[in-house]
Amino acid sequence: MNSVQDVFNELNAIAPIELQMDFDNAGLLIGDRNKTVNKIIVALDITSAVINEAIEIGAQLIVSHHPVIWNAMKQVSSDNVQQAHVMKLIENGISAICMHTNLDIADGGVNDVLMHVLGLNPIGSLQQVSDKTGVGRYGMYSRSQTIEDMLKLCKTKLHCNGIKYVCCSNCVKTVGVMGGSGGNAILDAKKLGCDTYITSDIKYDQFLLAKEININLLDVGHFNSENVIIPVVAEYLQDKVSDAEVYTSAVHEQVEQFFV
């Protein structure tokens, strides 16, 4: 039988905790390392719905991308949503392993999978984190796409409810991607010769910047830009932790809607 620590070791092999950025809080955040695990749920976030899902199927572990504990906690009570999640996990004996920026940076992680899903031929990292590692990726299509083609592709492949975008050119050939909030890398994408940049959580001034520097900018939604990694992690764990059942969350989805 596998323990929580065994599962952590398998995840750490593909996305070492040492890769996480300084501001991050990845790793085993809740639980007993020695507890036996026979059911695992993999989800982008640990929400109330995901916790209830884990309780319903009898899972002992949730593996998520976003950390369930982010800011320093001075108390744990039901008065705060994040703290209430921590309480409920502990009360029900459910551990939480969260692999965040280390999984963004790692080879084969969030950004590489995003590139693959969008059919891009990879070239390199968008931003350097250290001499050996980088976050975000950029690559090329063998043949140019139109902006309409790119929007349709993102909407279909990433299951977006909607896409906010700035169009500066109808030629999409060299594309940068950053899973999650990537507004701070618009200039990096431009400097690398990208005509198009795909990310999420773009602010008004960042859309203005994209227009000024003449780069197509697509905000495909935070959930959609990163959830591509969830089935990949689940499949990996099912292979490595063969005596446990591994599920992808059936209840977690993009929450924002668009009125058009």
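Residues numbered from 1 in each chain as written. Predicted model: local features only at pLDDT ≥ 70, side-chain atom pairs only at ≥ 80, totals over all residues. Heavy atoms only, no water.

Trainee: Whenever I open this one, helix α8 (residues 204–213) confuses me. Can you help?
Mentor: Along an α-helix, residues three or four apart share an orientation, since each turn contains 3.6 residues. What α8 keeps buried is the set Gln206, Phe207 and Ala210. Projection of α8 onto a plane perpendicular to its axis shows the buried side chains occupying an angular sector of 105°, all on one side. Opposite the buried face of α8, at more than 90 degrees from it, the exposed residues are Tyr204, Lys211 and Glu212. Those residues of α8 hidden inside the fold are in contact with β9 (164–166), α7 (186–191) and β12 (216–219). With its phi angle positive at about 65°, Asn214 sits one or two positions after the end of α8. (Buried < 20%, exposed > 50% of the residue type's maximum accessible area, 1.4 Å probe, protein only. Helix = DSSP H or I, 4+ residues; strand = E, 2+ residues; numbered from the N terminus. Arc of directions from axis to C-beta. Contact = heavy atoms within 4.5 Å.)

Trainee: Explain helix α2 (residues 48–57) to me, please; I cannot follow it from the model alone.
Mentor: Buried within α2 we find Val50, Ile51, Glu53 and Ala54. In an axial view of α2, the angular spread of the buried residues amounts to 155°, which keeps them on one side of the axis. Trailing α2 by a residue or two, Gly58 shows a phi angle of about 80°, which is positive.

Trainee: Explain the sheet that holds strand β2 (residues 27–30) to me, please; I cannot follow it from the model alone.
Mentor: Whether parallel or antiparallel, the strands of a sheet pair through hydrogen bonds between backbone atoms. The five strands lie next to each other as β2-β6-β5-β4-β13, forming an open sheet whose pairing is mixed. Edge positions in the sheet fall to β2 and β13 (245–248), since each has one partner strand and no second. Along the sheet, successive strands turn relative to each other by an average axial angle of 25°, direction set aside. Relative to strand β5 (residues 61–64), strand β4 (residues 39–43) runs parallel, the two sharing four bridges. Bridged to Ile40 within β5 is Leu61. (Pairing = 2+ DSSP bridges. Axes fitted to C-alpha atoms, helices over the stretch in contact; angles between N-to-C directions.)

Trainee: What is the right way to read the layout of surface pockets from this model?
Mentor: It is the rolling of a water-molecule-sized probe over the atoms that shows where space remains empty. By volume, the largest pocket amounts to about 320 Å³. Lining of the largest pocket is provided by 16 residues; of these, Phe23, Thr101, Asp104, Gly179 and Ser181 occupy positions nearest its centre. Elements that contribute at least two residues to the lining of the largest pocket include exactly α4 (101–105), β10 (172–181) and α9 (222–226). Ranked by the residues each element gives to the lining of the largest pocket, the list is headed by β10, at four residues. Broken down by class, the residue content of the lining of the largest pocket amounts to four nonpolar, 10 polar and two charged. (1 Å grid on protein atoms, 1.4 Å probe; cavity = no way out; pocket = protein on both sides within 12 Å on 5 of 7 lines; lining within 4 Å. Points joined across faces, edges and corners; volume = space filled by probe spheres on them. Nonpolar A, V, L, I, M, F, W, Y, C, P; charged D, E, K, R; others polar.)

Trainee: What should I look at first to understand the sheet that holds strand β8 (residues 134–145) in this one?
Mentor: With mixed pairing, the six strands of this open sheet are ordered in space as β7-β8-β10-β11-β12-β9. The open sheet has two edge strands, β7 (121–128) and β9, and neither has a second partner. On average, each strand axis in the sheet is inclined to that of its neighbour by 20°, with strand direction left out of account. Sheet topology places β9 next to β12; three bridges connect them, and they run antiparallel. Counted as the bridge partner of Tyr165 is Leu218 from β12. Set on the sheet, helix α5 (residues 110–117) makes contact with β7, β8 and β10; between it and β10 the angle comes to about 140°. Across the sheet, helix α6 (residues 147–157) is in contact with β8, β9, β10, β11 (196–200) and β12; its angle to β12 comes to roughly 20°.

Structural measurements only, silent on function.
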